[in-house]
Amino acid sequence: MDTKSQFEELRKIILADDREENKERNERLLERIDVLEKQLNDPDEFVKVLNNSKDQVVDMLGPHVGKLIRKFIRSEMERLNEEINKRRKALFSFDFLKKNKTKEANGQLEQVFIIHKDSGLVIGEYGNEDTIEPDLIASMLTAIKSFVQSAFGDGDSDLESLEYGDYTILLFNFEQFYFALITEGIISKEMKSLYFDQCLELADESIGSLSFKEIDNELTEQVNEHIQKTFFPSTDNARNK
Amino acid sequence: MREISKKIVLLGNESVGKTSLIKQYVHSIFNEEYLSTIGINISKKSVVLGDVTYKLLIWDVAGDLMNEQLYDAYLRGTHAFLLVFDSTREETYHAIIKELEVLNSYFPEVNKVIIGNKMDLLEGNAPSFDADFDLLTSAKTGENVEDAFLDLAKRINNEQG
């Protein structure tokens, strides 16, 4: 007998019992698997198995479920955080601020009055919409100006603006007359300055040379046209025709 | 048609009927409560004389309630004064005459019309006291009220003519 045959003979002798034992174990295992397979395929049976093995199920799934929950929460938090950042960026972006700043500060000029300082009579008036009784408004503004000046003024100062709700009435005073600009919304300092420049230009070039000894419709129509050209160039002058 | 705007100031003691005169015979009026805060009531009335319409902006000034500085500010730029007294109360007439003297010194060129109101309460056709006035009116019945404003417009018109 050569060495290889001897070694093979020895292996048979040593492992014979183990092989027998393994074969029996495999048979038992297969039987058990058959039973489990039947139980798993039958929902009622599966529930029974789970109920009878709660502790084992918890021990087995617990660490995995905990991880899953932590993972889910972390994922949701990251998603929420990203969403917040995205909105925050959008909210404070330059474009957003610019857009809203423009909207806020872009108050609209609604109407312009030129009012005789002493009598409170309307020298001229033009606006986007017709106002009910501009004559009464002009007289009233003049009375309010006089009242404020008398009550609080020191003689040199003058009422410069009146605010009511969304409306601001800007008052620019000249020697014989004053401008009352009715605006809606927020007027920036730049806009106010621009309006004053326009009033100054109108007073210097067109209105200042007129006589106010008698305020009639001929004069007011002339002045209305000047106001329209200066402050509302894009509108037609149909109101005066 | 030519349309001329004029500022008219209505003066007179309390309860001579100024507000009643205005209330029923003007075309439009501001809310009274609001204006009473600054002691003034503004209304508008148009009067037609020939081919001219006079747009009268009437300032009803509560002279009793205000200081001299404010009174002056309200009277500035006035084209005519309408002075009203109660034809049944002599003291209101004297107050108006006193007022007239002051106005003549400050506004000598400006027209002034004196009206004795409440003529409906008179027993005869004239007040029981000596009074020099332009017209008697009744805000209650409306008698002569239109004429008062017409008279005012005529005076302004003649002044311009």
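As the structure is a prediction and not an experimental result, all values here were calculated from the model.

The rules we used
- Residues numbered from 1 in each chain as written.
- Chains lettered and ligands numbered in written order.
- Predicted model: local features only at pLDDT ≥ 70, side-chain atom pairs only at ≥ 80, totals over all residues.
- Heavy atoms only, no water.
- Helix = DSSP H or I, 4+ residues; strand = E, 2+ residues; numbered from the N terminus.
- Buried < 20%, exposed > 50% of the residue type's maximum accessible area, 1.4 Å probe, protein only.
- Contact = heavy atoms within 4.5 Å.
- Patch = residues over 30% accessible without salt bridge, like charges linked within 9 Å, V, L, I, M, F, W, Y side chains within 5 Å.
- Areas by Shrake-Rupley, 256 points an atom, 1.4 Å probe, with all protein chains shown as cover.
- Salt bridge = Lys/Arg side-chain N within 4 Å of Asp/Glu carboxyl O.
- Phe/Tyr/Trp six-rings, centres within 6.5 Å; stacked < 30°, edge-to-face > 60°.
- Lys NZ or Arg CZ within 6 Å of the ring centre and 35° of its normal.
- Buried area = accessible area lost by both parts, 1.4 Å probe.
- Polar contact = N/O pair within 3.5 Å; in protein donor to acceptor, adjacent residues only side chain to side chain.

1. A short note on the overall build of chain A
- In terms of helices and strands, chain A carries 7 helices and 5 strands.
- The helix and strand sequence of chain A, counted from the amino end, reads α-α-α-α-β-β-α-β-β-β-α-α.
- Put simply, chain A has 241 residues, and 29% of those count as buried.
- When contacts within chain A are restricted to residue pairs at least 6 apart in sequence, long-range pairs at least 24 apart make up 54% of them.

2. Digging into a nonpolar patch on the surface
- A cluster of nonpolar side chains, namely M60, L61, V65, I69, F72, I73, M77, L80 and I84 of chain A, defines an oily patch on the protein surface of about 890 Å² accessible area.
- Its place among the elements puts L80 of chain A in helix 3 (residues 54–91).

3. A look at the packing of aromatic side chains
- Inspection of the entire model under this criterion finds 13 aromatic pairs over all chains.
- Between the aromatic rings of F177 of chain A and F212 of chain A, the centroid separation amounts to 5.6 Å while the plane-to-plane angle is 75°, which identifies the pairing as edge-to-face. Separated by 35 residues along the polypeptide, F177 of chain A in strand 5 (residues 177–187) and F212 of chain A in the loop between helix 6 (189–207) and helix 7 (217–231) bring together distant segments of the chain.
- An aromatic cluster is defined as three or more aromatic residues linked by ring pairs; in this entry it consists of F172, F174, F177, F179, F196 and F212 of chain A.
- A cation sits over an aromatic face here: K7 of chain B above W59 of chain B, 3.8 Å from the ring centre.
- Against the face of F149 of chain B rests K45 of chain B, its NZ or CZ located 5.8 Å from the ring centre.

4. Description of the interface of chain B and chain A
- Across the contact, 30 residues belong to chain B and 20 residues belong to chain A.
- Taking both partners together, chain B and chain A bury about 2200 Å²; carbon and sulfur atoms supply 60% of that area.
- For E214 of chain A, the salt bridge is made with K6 of chain B, and the minimal N-O distance between the two is 3.9 Å.
- At the boundary of chain B and chain A, one finds 9 residue pairs in polar contact (both at pLDDT 80 or more).

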